[in-house]
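Listed below are the residues making up each chain.
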Amino acid sequence: MTGVSDLYPLYLQHPAVTTDSRTCPAGSIFFALKGDSFDGNRFAGKALQAGCAYAVVDDPKAKTDDRMLLTDNVLSTLQQLARLHRETLALPVIAVTGTNGKTTTKELLAAVLSVKYSVLSTQGNLNNHIGVPLTLLRLTREHEMGVVEMGANHPGEIRELAQIVRPDYGLITNVGCAHLEGFGSLEGVVRAKGELYDFLRETNGRIFIHRENPHLQAIAHGLEQITYGAGCDAYVAGEVTDGHPFLRFRWMQQGVGHTVDTHLAGDYNLWNVLAAVAAGRYFGIPPESINAAIAACKPASHRSQWKKTARNGLIIDAYNANPSSMQAALTNFAALPARPKAVILGDMHELGADSPAFHEAVVAQLQTFDFEQTILCGKQFATVASSRYPCFPDVEALAGYLARNPWQGYHVLIKGSRAVHLERVIDRL
């Protein structure tokens, strides 16, 4: 049986890691993970043939080659290897979690900190029990800092990830009603995200925190805080100065102000950019360099994106949706001066038994606005939508409608959970 202490020297010789037998860089190590519908052990031989130097397996029957390393559990071995590697390198790591904005904040942090340091950050949203160790195993001795995103949909997951990442600093963007099937309630979300604070409290770590967020302040006792917020008592204070089509904000520190134009749509991104400013200043980056890095940072993967098409202007926020982010997006959109306005909203997923009530609340909020066009999409909205709003069962039906009834000259908000695939209607607008 191969232990992590035996595996680590091999990893140092072959530091590329893969979990996909279809992507096997020469000399890499294949980890034969299992899932509900697949068993990586079956593909270990294929991975070796494709160029892997070793394959880590946990099925004795799969071990048909001396280059196959048998362990008790491949996933656990991957996680332990990542933790050992992170501890060996001993560089400062910031862990980022939260209900909304964690990927955007992670990207902003990485952009700002990269001005001065060699930074490794999470690619995309590889923020779960597999993605986090894969991120850590990309660290090299050339890196000076890490920014690691951590996601969760059940209690205990952030605690487990923190034990692997061993962060020195933590940042919870916010807490809201999301993944309620796993967390049960907003209080459950707060406790689960607060597991990051618990770890840092035990290890004398520090946190970057929104000064005025009552949920976060309630669980931040005993921790050294680097604060950002609206009040002048924050380490970095800021405010929105314009929000159309992109966020423009002003931040201040010790009485000196700076104005920055971003590529982010939505004034709710103020706290995300201020978090990046606070981290940048804390780690000694000059204000002008911070401003330039934030101004150059562009959102990806349909997060807070502004897109001008031949016929309309789009705010695309179709990567994720929950009650708090939906409310913020609608409120922000309603405040924009542009006209005419249209919204396309998709279902919010993983809300458990309260899902109908949350979707009803969105419909009720819509009725307080005077958008020229409103379209809903998904089975959840279909059960609660009033006859006032057209509702389509899926994105294909919605795309067909927009093809037959094209919009011209609208400012359009597109918001929904990733599983609804609202991005598929972009080319219809």
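Residues numbered from 1 in each chain as written. Predicted model: local features only at pLDDT ≥ 70, side-chain atom pairs only at ≥ 80, totals over all residues. Heavy atoms only, no water.

### Digging into the overall build of the chain
Tallying secondary structure elements over the chain gives 16 helices and 19 strands in all. Overall, the C-alpha framework of the chain stretches about 70 × 55 × 40 Å when taken along its three principal axes. For the chain, the residues scored as buried account for 53% of the 429 residues in total. Counting contacts in the chain only where the partners sit at least 6 residues apart, residues at least 24 apart contribute 62% of the total. Counting only carbon and sulfur atoms, one obtains 49% of the accessible surface of the chain, whose full area is about 18,100 Å². Within the chain, one finds 38 positive and 41 negative side-chain charges whose respective centroids are separated by 4 Å. (Helix = DSSP H or I, 4+ residues; strand = E, 2+ residues; numbered from the N terminus. Buried < 20%, exposed > 50% of the residue type's maximum accessible area, 1.4 Å probe, protein only. Contact = heavy atoms within 4.5 Å. Areas by Shrake-Rupley, 256 points an atom, 1.4 Å probe, with all protein chains shown as cover. Lys, Arg positive; Asp, Glu negative; His and termini not counted. Charge placed at Lys NZ, Arg CZ, Asp CG, Glu CD.)

### Observations concerning the packing of aromatic side chains
Counting across every chain of the model gives twelve aromatic pairs. Centre to centre, the rings of Tyr-169 and Tyr-282 are 5.7 Å apart; their planes meet at 70°, and the pair counts as edge-to-face. Of the two residues, Tyr-169 is situated in strand β8 (residues 169–172) and Tyr-282 in helix α11 (residues 270–282); the sequence distance between them amounts to 113 residues. In this structure Tyr-169 comes out as buried when scored by relative accessible area, which is 13%. Here the aromatic rings of Phe-333 and Phe-371 are separated by 5.5 Å at their centres, their planes lie at 50°, and the arrangement is tilted. Separated by 38 residues along the polypeptide, Phe-333 in helix α13 (residues 323–335) and Phe-371 in the loop between α14 (355–366) and β17 (373–377) bring together distant segments of the chain. The same class applies to Phe-333 and to Phe-371, which are both buried. Clustering of aromatic rings is evident, with ring pairs tying together Tyr-117, Tyr-169, Phe-208, Tyr-282 and Phe-283. One residue, Lys-341, lies across the ring of Phe-333, its end atom 5.6 Å from the ring centre. (Phe/Tyr/Trp six-rings, centres within 6.5 Å; stacked < 30°, edge-to-face > 60°. Lys NZ or Arg CZ within 6 Å of the ring centre and 35° of its normal.)

### Comments concerning the pattern of salt bridges
Two side chains that carry opposite charge are able to pair once their charged atoms sit near each other. Per the stated rule, a full pass over the model turns up 16 salt bridges. A salt bridge links Arg-339 to Glu-372, with the nearest nitrogen and oxygen atoms 3.0 Å apart. Taken together, the positions of Arg-339 in the loop between α13 and β16 (341–346) and Glu-372 in the loop between α14 and β17 put the pair 33 residues apart, joining distant regions of the chain. Taking the relative accessible area as the measure of exposure, Arg-339 reaches 39% and is therefore partly exposed. By relative accessible area, which is 40% here, Glu-372 ends up partly exposed. What emerges from the salt-bridge pattern is a single network uniting Arg-83, Glu-87 and Arg-166. (Salt bridge = Lys/Arg side-chain N within 4 Å of Asp/Glu carboxyl O.)

### Looking at the environment of Phe-43
Within the secondary structure layout, Phe-43 lies in the loop between β2 (29–31) and α2 (44–49). With 19 residues separating them in the primary sequence, Phe-43 and Ala-62 have C-alpha atoms 8.9 Å apart.

### Considering the side chain of Asp-347
Counting through the fold element by element, Asp-347 comes out in the loop between β16 and α14. Of the side chains bearing the opposite charge, Lys-379 lies closest to the buried Asp-347, which forms no salt bridge; the N-O distance is 8.3 Å. Looking at Asp-347, its side chain comes within polar contact range of the main-chain nitrogen of Gln-380, at 2.7 Å. Not counting the four nearest positions on each side in its chain, Asp-347 is found in contact with His-359, Cys-377, Gly-378, Lys-379, Gln-380, Phe-381, Gly-416, Ser-417 and Val-420. (Polar contact = N/O pair within 3.5 Å; in protein donor to acceptor, adjacent residues only side chain to side chain.)

### A short note on helix α6 (residues 157–165)
Along α6, the positions that sit buried rather than exposed are Ile-158, Leu-161, Ala-162, Ile-164 and Val-165. Projected onto a plane normal to the axis of α6, the buried residues spread over an arc of 160° and lie on a single side. (Arc of directions from axis to C-beta.)

### Describing the environment of Ala-265
With respect to the helices and strands, Ala-265 occurs in the loop between β13 (256–261) and α11. Separated by 18 residues in sequence, Ala-265 and Leu-247 place their C-alpha atoms 5.8 Å apart. Among all residues touching Ala-265, those that are not within four sequence positions of it are Pro-245, Phe-246, Ser-304, Gln-305 and Ile-315.

### Observations regarding the sheet that holds β2
Taken in spatial order, the four strands line up as β1-β2-β3-β4 in an open sheet, and their pairing is parallel. Strand pairing shows two members of the sheet lacking a second neighbour, β1 (17–18) and β4 (68–70), which therefore form its edges. Where β2 lies against strand β3 (residues 54–57), three bridges are found, and the strand directions are parallel. Residue pairing in the sheet places Ile-29 in a bridge with Tyr-54 of β3. The strands touched by helix α3 (residues 74–89) are β1, β2 and β3; relative to β2, the strand with the most contacts, the crossing angle is about 130°. (Pairing = 2+ DSSP bridges. Axes fitted to C-alpha atoms, helices over the stretch in contact; angles between N-to-C directions.)

### Topic: the pairing of β8
A two-sided burial pattern is seen for β8, the buried positions comprising Tyr-169 and Leu-171 on one face and Gly-170 and Ile-172 on the other. Pairing geometry for strand β5 (residues 93–97) and β8, over four bridges, is parallel. Each bridged residue has a counterpart across the sheet, and for Val-96 the counterpart in β8 is Leu-171. Pairing between β8 and strand β9 (residues 206–210): three bridges, direction parallel. Following the sheet pairing, Leu-171 is matched in β9 by Phe-208.

### Side note on the packing of helix α1 (residues 4–13) against α3
Taken N-terminus to C-terminus, the directions of α1 and α3 make an angle of 65°; their axes are 10 Å apart at the nearest point. Our classification of the angle between α1 and α3 gives roughly perpendicular. Relative to α3, α1 is oriented so that their crossing is right-handed. Here Val-4, Leu-7, Tyr-8 and Tyr-11 of α1 lie close against α3, whose contacting residues are Thr-77, Gln-80, Leu-81, Leu-84, His-85 and Thr-88. Its residues assigned to classes, the contact of α1 with α3 shows six nonpolar, four polar and no charged. (Parallel < 35°, antiparallel > 145°, perpendicular 65-115°, else oblique. Left-handed = near helix turned anticlockwise from the far one by under 90°. Nonpolar A, V, L, I, M, F, W, Y, C, P; charged D, E, K, R; others polar.)

### Describing the sheet that holds strand β19 (residues 411–415)
Taken together, six strands build an open sheet; the order of strands is β14-β15-β19-β16-β17-β18 and the sheet is mixed. Bordering the open sheet on either side are β14 (305–308) and β18 (391–392), each of which pairs with just one other strand. Looking at chain direction, β14 and strand β15 (residues 313–317) are connected through four bridges and run antiparallel. Along β15, the bridge assignment pairs Trp-306 with Ile-315. The sheet contacts of α13 involve β15, β16 and β19, and relative to β16 the element is tilted by about 170°.

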